[in-house]
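Observations on the three-dimensional arrangement
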Amino acid sequence: MHYIIQSIFVLVGAVSLLASIFNWEWFFNAQNSQFIVRSLGLNSARIFYAVIGLAMIGAGIYFYTKLNEV
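Residues numbered from 1 in each chain as written. Predicted model: local features only at pLDDT ≥ 70, side-chain atom pairs only at ≥ 80, totals over all residues. Heavy atoms only, no water.

This part takes up the overall build of the chain. In terms of helices and strands, the chain carries four helices and zero strands. Helices and strands in the chain line up, N terminus first, as α-α-α-α. By principal-axis analysis of the C-alpha atoms, the chain measures approximately 45 × 20 × 20 Å. When burial is assessed residue by residue, the chain has 24% of its 70 residues classed as buried. As displayed, the chain offers around 5000 Å² of accessible surface, 71% of which is attributable to carbon and sulfur atoms. (Helix = DSSP H or I, 4+ residues; strand = E, 2+ residues; numbered from the N terminus. Buried < 20%, exposed > 50% of the residue type's maximum accessible area, 1.4 Å probe, protein only. Areas by Shrake-Rupley, 256 points an atom, 1.4 Å probe, with all protein chains shown as cover.)

The next subject is unusual backbone geometry. Phi is positive for N23, close to 50°, though the residue is something other than glycine. Along the chain, N23 falls in the loop between α1 (2-22) and α2 (25-28).

Attention shifts here to the nonpolar core. Core analysis: the largest hydrophobic core is formed by seven residues, namely A19, F27, F28, I36, V37, A45 and Y49. For this core, the elements supplying multiple residues, two or more each, are α2, α3 (31-40) and α4 (42-69). For V37, the residues in contact, after removing those within four places along its chain, are F28, L42 and A45. (Core = buried A, V, L, I, M, F, W, Y, C linked by side-chain atoms within 4.5 Å. Contact = heavy atoms within 4.5 Å.)

Right, let's talk about the confidence of the model for the chain for a bit. Here the chain averages 94 in pLDDT, while 99% of its residues score no lower than 70. The element-level mean pLDDT for the chain is lowest in α4, coming to 94, with α2 highest at 97. (pLDDT = per-residue confidence, 0-100.)

Now the structure itself:
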């Protein structure tokens, strides 16, 4: 079961990171991201989502390695 959760973390993190790199309009126009875009501006929101994406990918990989040590 934990493999599914780790995979979701990596997948969502990758989408967030790719959206920030390629400036996907559909991602930044979505209702859920509009608060961040309005609060920070588009360029800062892209940096924010890149950092969040990297953190989620890192968390997924970290927990994958920690759970496989045992």
